[in-house]
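One letter stands for each residue in the lines below.
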Amino acid sequence: MATVLSVHDRRILTAVNSGASSLSFVGSGFIVLCYSLFKELRKFSFKLVFYLSLSDMLCSFFNMVGDPSKGFFCYAQGYITHFFCVASFLWTTTIAFTLHRTVVRHKTDVEDLEAMFHLYVWGTSLVMTVIRSIGNDHTHLGAWCWAQTGRTGKAIHFITFYVPLWGAILYNGFTYFQVIRMLNNATRMAFGMSDHAYQFDSRTDTKALNRWGYYPLILIGSWAFGTINRIHDFIKPGHKIFWLSFLDIGTAALMGLFNSIAYGLNASVRRAIYERLELFWPERLQRWFPNSSRYRNQQQQQSELISLKIQDQQ
């Protein structure tokens with residue numbers, strides 16, 4: 001039944017938001033820490049993942065703070081959250097663009113586009129955040145700092161966040177589809193050749209790209225319930241569905257965690273962690289992990305999608 005949320009319901013949603021945002025903050029912060037500590041990860045491909053994780057970390061942090069009863073602080077928190085959440089899904093489009101330009105179009109100039117990426121991501125996020133302030137009712141705050149009050153504010157919030165979000169989802173999905181189709185065609189050609197080593201490499205590339213093909217689903221899973229909830233709230237203002245709000249807040253706050261696992265915990269990061277652990281593990285403990293070195297060597301044979309494709313062509 002659609003009703004106005006009670007104080008108890010709001011407390012539950014606040015706890016869900018804080019818990020899920022904390023997980024995202026830890027996950028994305030871990031990727032930022034790995035990039036800072038491990039020099040071998042500071043390649044252009046992982047630099048984009050670093051910017052994505054940094055945006056997720058700041059989005060999660062400001063999503064955990066903010067009290068609707070504290071006026072200006074709440075609005076500032078809401079706008080900052082909006083800025084970094086928009087930046088987060090925009091960085092995923094730069095990763096998809098880089099992969100497509102490198103693999104499909106065979107271009108080697110992606111590193112020269114870094115300044116354009118920053119202008120595109122931070123500039124667009126700033127414009128969307130400024131436009132978001134139009135139509136907001138500064139005399140009344142709702143239950144959430146990030147949510148808009150007033151019909152005009154809700155419409156502008158939808159236009160400045162959910163419209164670009166679903167545009168990014170469609171772009172990522174189309175881009176990864178083209179990349180995967182090209183690699184699948186290359187794999188079929190490889191199987192017609194007698195070079196078994198090349199066949200193995202092609203199967204490895206295709207397996208990795210198929211995994212990347214699921215990445216647009218992260219944004220869909222994170223924001224599908226939020227989109228439905230915003231539409232419902234616009235049609236029936238003042239009425240809330242608790243379970244829909246629960247799923248909206250929980251899945252959206254977990255976006256940073258999902259991104260850190262999918263984009264950040266790749267073979268290069270795992271290999272760097274294993275190498276550091278083996279330096280500090282006592283010899284008697286290494287006997288309990290006899291497969292660690294073998295695992296590391298196997299991971300070195302796998303393609304790293306963007307980074308290896310770029311290096312091979314350069």
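Since the structure is predicted, the reported quantities are computational estimates derived from the model, not experimental observations. (Residues numbered from 1 in each chain as written. Predicted model: local features only at pLDDT ≥ 70, side-chain atom pairs only at ≥ 80, totals over all residues. Heavy atoms only, no water.)

> Just give me the short version of the overall build of the chain, but keep the residues and values in it.
Summing up its helical and strand segments, the chain has 13 helices and zero strands in all. For the chain, the N- to C-terminal ordering of α and β elements is α-α-α-α-α-α-α-α-α-α-α-α-α. Considering only residue pairs separated by 6 or more positions, the chain has 77% of its internal contacts joining residues 24 or more positions apart. Here the chain has roughly 16,000 Å² of accessible surface; of this, 66% comes from carbon and sulfur atoms. (Helix = DSSP H or I, 4+ residues; strand = E, 2+ residues; numbered from the N terminus. Contact = heavy atoms within 4.5 Å. Areas by Shrake-Rupley, 256 points an atom, 1.4 Å probe, with all protein chains shown as cover.)

> Which residues make up the packing of aromatic side chains, and what values go with them?
Tallying each qualifying case throughout the model produces 19 aromatic pairs. Ring centres 6.2 Å apart and planes at 20° place the aromatic pair tyrosine 35 and phenylalanine 46 in the stacked group. With tyrosine 35 in helix 1 (residues 7-37) and phenylalanine 46 in helix 2 (residues 44-64), this residue pair connects regions lying eleven residues apart in the sequence. Classification of tyrosine 35 by relative accessible area gives buried; the value is 12%. (Phe/Tyr/Trp six-rings, centres within 6.5 Å; stacked < 30°, edge-to-face > 60°. Buried < 20%, exposed > 50% of the residue type's maximum accessible area, 1.4 Å probe, protein only.)

> I'd like a rundown of the UniProt feature "transmembrane region" (unreviewed entry) in the chain, residues and numbers included.
What UniProt calls "transmembrane region" (unreviewed entry) maps, in this numbering, to residues 12-36, 48-66, 78-99, 119-135, 155-179, 212-229 and 241-265. Helix makes up 100% of residues 155-179 and strand 0%, whereas the separation of the span's terminal C-alpha atoms amounts to 35 Å. (UniProt positions renumbered as here; feature names shortened; annotations may be inferred.)

> So what's going on with helix 9 (residues 255-264)? Which residues, and what values?
In terms of burial, helix 9 is a largely internal element, seven of the ten residues being buried. Considered for burial, the residues of helix 9 that qualify are Met255, Gly256, Asn259, Ser260, Ala262, Tyr263 and Gly264.

> Please provide a residue-by-residue account of the nonpolar core, values included.
Among soluble globular proteins, nonpolar side chains are generally buried collectively. By size, the foremost hydrophobic cluster in this structure holds 47 residues, and its most contacted members are Phe89, Trp91, Phe161, Leu165, Trp223 and Tyr263. For this core, the elements supplying multiple residues, two or more each, are helix 1, helix 2, helix 3 (71-103), helix 4 (114-132), helix 5 (151-191), helix 7 (216-235), helix 9 and helix 10 (267-280). Take this core: its biggest share by element is twelve residues, from helix 3. Beyond its immediate sequence surroundings of up to four residues, tryptophan 91 is in contact with Leu48, Tyr51, Leu52, Ser55, Phe117, His118, Val121 and Trp122. (Core = buried A, V, L, I, M, F, W, Y, C linked by side-chain atoms within 4.5 Å.)

> Describe the state of the cysteines, naming the residues involved and giving the relevant values.
Taken as a whole, this structure holds one disulfide when the rule is applied. Each sulfur of the disulfide joining cysteine 59 and cysteine 85 lies 2.0 Å from the other. Of this pair, cysteine 59 sits in helix 2 while cysteine 85 sits in helix 3; the two residues are 26 residues apart in sequence, bridging distant segments of the chain. For the pair formed by cysteine 59 and cysteine 85, the shared burial category is buried. (Disulfide = S-S within 2.5 Å.)

> How would you sum up a nonpolar patch on the surface? Please name residues and give values.
A cluster of nonpolar side chains, contributed by Phe25, Val26 and Phe61, occupies part of the molecular surface with about 260 Å² of accessible area. When you line up the elements, phenylalanine 25 lands in helix 1. Here phenylalanine 25 falls in the partly exposed class, since its relative accessible area comes to 31%. (Patch = residues over 30% accessible without salt bridge, like charges linked within 9 Å, V, L, I, M, F, W, Y side chains within 5 Å. Salt bridge = Lys/Arg side-chain N within 4 Å of Asp/Glu carboxyl O.)

> Tell me about the pattern of salt bridges, and please be specific about residues and values.
Considering all chains together, one arrives at five salt bridges under this definition. A salt bridge links arginine 101 to aspartate 109, with the shortest nitrogen-to-oxygen separation between them at 2.8 Å. A relative accessible area of 12% places arginine 101 in the buried class. The class of aspartate 109 is partly exposed, set by a relative accessible area of 24%. The shortest N-O distance in the salt bridge between aspartate 233 and lysine 240 comes to 3.4 Å. For aspartate 233, a relative accessible area of 8% puts it in the buried group.

> So what about the side chain of asparagine 259? Which residues, and what values?
Mapped onto the fold, asparagine 259 is located in helix 9. Assessed through its relative accessible area of 2%, asparagine 259 is described here as buried. At 3.1 Å, the side chain of asparagine 259 and the side chain of aspartate 56 are in polar contact. Residues contacting asparagine 259, with those up to four places away along its chain left out, are Leu52, Asp56, Ser88, Ile218 and Gly264. (Polar contact = N/O pair within 3.5 Å; in protein donor to acceptor, adjacent residues only side chain to side chain.)

> Any chance you could break down the packing of helix 1 against helix 8 (residues 242-253) for me, citing the residues and the numbers?
Two elements in contact, helix 1 and helix 8, have axes whose closest approach is 8 Å; the angle formed by their N-to-C orientations is 20°. In this view, helix 1 runs roughly parallel relative to helix 8, as classed from their interaxial angle. Remark: the crossing between helix 1 and helix 8 carries right-handed chirality. Judged by residue contacts, Asp9, Ile12, Leu13, Val16, Asn17, Ala20, Ser21 and Ser24 of helix 1 engage Phe242, Ser245, Phe246, Ile249, Gly250 and Ala253 from helix 8. For the contact of helix 1 with helix 8, the class distribution of residues is eight nonpolar, five polar and one charged. (Axes fitted to C-alpha atoms, helices over the stretch in contact; angles between N-to-C directions. Parallel < 35°, antiparallel > 145°, perpendicular 65-115°, else oblique. Left-handed = near helix turned anticlockwise from the far one by under 90°. Nonpolar A, V, L, I, M, F, W, Y, C, P; charged D, E, K, R; others polar.)

> Explain the environment of asparagine 229 to me, and be specific about the residues and the numbers.
Turning to its location among the elements, asparagine 229 is positioned in helix 7. Those residues within four positions of asparagine 229 in sequence are excluded, and the remaining contacts are Leu244, Ser245 and Asp248.

> Describe the environment of threonine 92, with residues and values.
Position of threonine 92 among the secondary structure elements: in helix 3. Measuring from C-alpha to C-alpha, the distance between threonine 92 and tyrosine 171 comes to 9.9 Å, with 79 residues separating the pair along the chain. Beyond its immediate stretch of four places on either side in the chain, threonine 92 contacts Leu52, Asn172, Leu219 and Tyr263. A polar side-chain atom of threonine 92 sits 3.1 Å from a polar atom in the side chain of asparagine 172.

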